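Structure at a glance
Listed below, chain by chain, are the residues.
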Amino acid sequence: LITWLSASSFSAGHDRIAYFNELAGSRPERFLVNSDLDWGQDLDKLSDALRAEHAPFVSVFYFGSADFQSLGLPRYEGLRPFQSPNAQWVAISKAPLYAEDGYAWLRSEKPFESVGKSMLLYHFSDADLARIRSTLLGAEPINAEVARAERIAAATPSPENFLDLSLAYY
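Okay, so let's go over this structure. Everything quoted here is computed from the prediction, not taken from an experiment. (Residues numbered from 1 in each chain as written. Predicted model: local features only at pLDDT ≥ 70, side-chain atom pairs only at ≥ 80, totals over all residues. Heavy atoms only, no water.)

Another aspect to go through is the pattern of salt bridges. If the charged atoms of two oppositely charged side chains come close together, the side chains can form a pair. Under the counting rule described, the total for this entry stands at four salt bridges. The residue Arg80 makes a salt bridge to Glu150 at a minimum N-O spacing of 2.7 Å. Taken together, the residues Arg80 in the loop between strand S2 (75-78) and strand S3 (89-93) and Glu150 in helix H6 (residues 143-155) connect sequence positions 70 residues apart. Taking relative accessible area as the criterion, Arg80 reaches 33% and is therefore assigned partly exposed. For the salt bridge of Asp128 with Arg131, the shortest nitrogen-to-oxygen distance reads 3.7 Å. (Salt bridge = Lys/Arg side-chain N within 4 Å of Asp/Glu carboxyl O. Helix = DSSP H or I, 4+ residues; strand = E, 2+ residues; numbered from the N terminus. Buried < 20%, exposed > 50% of the residue type's maximum accessible area, 1.4 Å probe, protein only.)

Set out below in structure tokens:
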């Protein structure tokens, strides 16, 4: 058992943060999705992957606080819950993907690539984006509330308005 534990631990390599032993299987996010899996540690790998694919624009939901510009990411937009992306390239951290209902539509899509252990990268054609938009059109019950909170926070930036906005997003 000690040999198995040692070998299993060393096999994690640079992905120590997202390490799960073999009992979790190949998809540990089915069991636990929080800081044990995702601290946003794979943003540099995402930047490399997008550069390799010559992606000009990406919709991204990143679970972390790193500065996107310092890592050389392409032009980007935030990926919002219950809303279709505007970019053909979509990147999302596994924590919000599996923990928040607003991204459930993305769980049924096939990822283009797994970026490290904590992010997934998707590539959609224009036809895919049209299909996703039509699917999500009826699944946006909170968009009016979110849009209202965004307008208020933009017009009058205050801690209270940003708290209201974050609650609307949640």
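We now examine the packing of aromatic side chains. Under the criterion given, the structure shown has three aromatic pairs. Taking 5.1 Å as the distance between ring centres and 90° as the angle between the ring planes, the aromatic pair formed by Trp89 and Phe112 counts as edge-to-face. One end of the pair, Trp89, is in strand S3; the other, Phe112, is in the loop between helix H4 (104-107) and strand S4 (113-115), and 23 residues separate them in sequence. Between the NZ or CZ atom of Arg75 and the centre of the ring of Phe57, over which it lies, the distance is 4.1 Å. (Phe/Tyr/Trp six-rings, centres within 6.5 Å; stacked < 30°, edge-to-face > 60°. Lys NZ or Arg CZ within 6 Å of the ring centre and 35° of its normal.)

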